[in-house]
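What follows is the residue order along each chain.
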Amino acid sequence: MSLLHMAWRNLMNRRVQTLITVIVVSIGVAMTLSIMMLSAGIKQGIVKASEPFGMIVGSKGSANQLVFNTIFLMDNPLTNISLDYYRTLENDPRVTQAVPFALGDNYKGFRLVGTTPSFFALKGKHSDPPYFRLAAGRLFDKPFEAVLGAKVAKETGLKVGDRLVSGHGVAKSLQHDEGHNDHPYTVVGILHGVSAPSDQGIYVSMDSYWISHEHAEEQKHEEDEHGVTAALVKPRSYVDLMKMYQEINQGKEAQAVFPGQVIAKIFDMMGSGEKILTYISYVVLGMAGLTVVLALYGSTVERRRTVAILRAIGASRSAVVTIVLLESVLVVLFGCVMGTALGGGLTWLLSDYIGSQISVTVSVAYSWDAAAVIGGVALLGMVAGILPAIGAYRTETARYLHAA
């Protein structure tokens, strides 16, 4: 009978104790992996969501709020900046691209975003292909035509040619709201999914936004009555970017924010919570290691007579020590396997829930950091078996045979 087989039979002889130890180890591994994967997935999702956006310009107020409602389609929009001010930005010779945004309506909780066709030409980098691509239909080219984000089309069942009536406000109301019945939208296009909050947007022309908000079509030439919630501005060079950033923020009409700075603050806030949760998971892993030590040491004490018999029939001290160490390795190995599976499943469930709450797709993937954690736990298990192994090594054969 091999030493591995003997170690396995020893564990099976105390199934309940072994199972409890494996569960404790798996919980520690699962917690640590879930925290690592969720943190990495959320950060990756946030960064991906902001890829095509450069400097955001909006009215004075909270920079966080401006970024959240423009890029992540969350929070309430700030007050509008005047269309004249937006035209000034758009016509500035230092600017290569200016994209307006107008927010204020929703359809079944999905936000309508007033913009221009230039929005769909946005790129993460200059050499990248357009961030947005059509999966069906075409882009809007006149008022009250709508292009749906992938998630909107999936959850509402709307198809090209269908019509929808938007409601007031940026969130679905529990009360009856007739909405803009006089101006229904016709779906003319559906976008490919980009795994970002933009999948939850319904994109319409700026004229649609202005007309639906009680601006008569004959007044469209009176641009001072119109407004823009925010604008994406991409200057020609880094020098132009910094100059415009300073000029806008020094003025009284608007503020300019860099999404990257806001995201960095978000990561800082996440980092504090992540550290606390990581420390908690390390405590659980430490408890798991202690549980392995106590379980194996207790079983070694109980099996002193068995160890003495093994020694009496010719088993060497090294063989006895190896059996105990193998028991430790097997317990931790099963705990790591269960913990890895449990951590992946838990992360998948939480990522789906978090993604639905913060409009960011949280990717789930094992990384080298996760592999390092699993390897560290396995090493901890081997170390945890040393103390019980020493106890087995020191067992006095004559004493426990005589006691029997």
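Calculation criteria
Residues numbered from 1 in each chain as written. Predicted model: local features only at pLDDT ≥ 70, side-chain atom pairs only at ≥ 80, totals over all residues. Heavy atoms only, no water. Helix = DSSP H or I, 4+ residues; strand = E, 2+ residues; numbered from the N terminus. Buried < 20%, exposed > 50% of the residue type's maximum accessible area, 1.4 Å probe, protein only. Contact = heavy atoms within 4.5 Å. Areas by Shrake-Rupley, 256 points an atom, 1.4 Å probe, with all protein chains shown as cover. Core = buried A, V, L, I, M, F, W, Y, C linked by side-chain atoms within 4.5 Å. Phe/Tyr/Trp six-rings, centres within 6.5 Å; stacked < 30°, edge-to-face > 60°.

Asks: Outline the overall build of the protein, supporting the account with residue identities and numerical values.
Replies: For the protein, the helix and strand inventory stands at 13 helices and 13 strands. Here the protein holds 404 residues, and the buried ones make up 47% of them. Of the contacts formed within the protein by residues at least 6 apart in sequence, a portion of 79% connects residues at least 24 apart. When the accessible area of the protein is evaluated, it comes to approximately 20,300 Å², of which 59% is carbon and sulfur surface.

Asks: I'd love a proper account of the environment of V332, names of residues and values included.
Replies: Tracing the backbone through its elements, the reader meets V332 in helix α10 (residues 317-358). For V332, a relative accessible area of 3% translates into the label buried. C-alpha of V332 to C-alpha of V22: the two residues are 310 residues apart in sequence and 6.7 Å apart in space.

Asks: I'd like to hear about the nonpolar core, residue by residue, with values.
Replies: With 36 residues, the main nonpolar core has F119, F120, F132 and Y203 as its most contacted residues. Counting residues per element, the ones that place at least two in this core are α2 (15-49), α3 (63-70), β3 (95-107), β9 (185-191), β12 (230-235) and α8 (259-302). Excluding residues that lie within four positions of it along the chain, F120 makes contacts with P130, F132, L139, F140, V147, L191 and Y203. Within the second largest apolar cluster, 23 residues are counted, among which are M55, L83, A98 and A231.

Asks: Report on the packing of aromatic side chains, specifying residues and quantitative values.
Replies: Tallied over the entire structure, the rule returns 11 aromatic pairs. Seen from their ring centres, F68 and F72 are 5.4 Å apart, and the 45 degrees between their planes marks the pair as tilted. Residue F68 is classed as partly exposed on the basis of its relative accessible area of 23%. Aromatic side chains Y245 and F258 sit 4.4 Å apart centroid to centroid with 15 degrees between the ring planes, which places their arrangement in the stacked category.

Fair warning: the whole summary comes from geometry, so function is off the table for now.
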